[in-house]
Amino acid sequence: MSITPTRGVLLLSIIMLVYSCHKHNKTAKDTYENYIVGNKEWKSKKVSHSIDLLSYTATEVPIQYYILKNGSKKDHDSAYIASSRERIIEIEFEHQDGKDVLLEEFTRKAYEDSVKYMSFFIEKDFEVVTESNDTIKCAGVNFERNYNVAPFKRILLYFNNINPNENIRLIYNDVLFGNGIIEFNFVEQPLKL
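Computed from a predicted model, the values in this text were never measured in an experiment.

Student: Help me understand the nonpolar core, please; the structure alone is not making it clear to me.
Tutor: A general tendency of soluble globular proteins is for nonpolar side chains to be buried together. Ranked by internal contacts, the top residues of the largest apolar core, which has 33 residues, are F93, F126, I155, F159, L170, Y172 and F177. If near-sequence neighbours (up to four positions away) are discounted, F126 is found in contact with I91, F93, K137, C138, I155, L157, F159, L170, I171 and Y172. Counting 10 residues, the second-largest nonpolar core is a separate cluster that includes V37, Y65, I88 and L156.

Student: I keep staring at the sheet that holds strand 5 (residues 126-130) and nothing clicks. Help me out?
Tutor: Within a sheet, adjacent strands bond to each other through the backbone by hydrogen bonds, running parallel or antiparallel. Spatial strand order, 6-5-9-10: 4 strands in an open sheet with antiparallel pairing. Both edges of this open sheet fall to strand 6 (135-137) and strand 10 (180-186), since each of them pairs with a single strand only. Here the average twist between neighbouring strands, direction ignored, is 25 degrees. The pairing of strand 5 with strand 6 spans 3 bridges and is antiparallel.

How each quantity is defined
- Residues numbered from 1 in each chain as written.
- Predicted model: local features only at pLDDT ≥ 70, side-chain atom pairs only at ≥ 80, totals over all residues.
- Heavy atoms only, no water.
- Core = buried A, V, L, I, M, F, W, Y, C linked by side-chain atoms within 4.5 Å.
- Buried < 20%, exposed > 50% of the residue type's maximum accessible area, 1.4 Å probe, protein only.
- Contact = heavy atoms within 4.5 Å.
- Pairing = 2+ DSSP bridges.
- Helix = DSSP H or I, 4+ residues; strand = E, 2+ residues; numbered from the N terminus.
- Axes fitted to C-alpha atoms, helices over the stretch in contact; angles between N-to-C directions.

That is the geometry; function is a separate question.
This is the structure in structure tokens:
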């Protein structure tokens, strides 16, 4: 049996479809993270997506926790009022087998260039959409270097001028790993326990 051009195109289409379905194996799950400082505790939604062997986990860090953990405990109330329109989101990137996600095999960049991208340029890949459909660009990023002590890479994203009563949706255009647009829906805000 010979393969005609029509059958060849059909066969090629089927192979590409099977490959693309395999290549973009995606799963999502939601869990919770507890944040504790002294006798104060918050519960925050943790949204995870896995694409192939990489997992992306986003958690909204409670502003009160962040202030207590990183600032003066005496001026907590005034610092919270001043920061109430800010949001901090923690993102962790992790390989299923514990490999360093910044290796060239995952980013198609030299390791040093991947570190620079994560430190200085990744913030442009993130934005938040509010319930009232405002789009807020990332105001800053902090790449927490752990020098491969932990099996993941973590960044903190900072967003300003968001109504503290609105839920948000984080949009990530994954340029670094090439997995396209990933959305993290935070349908509830951190809850003080």
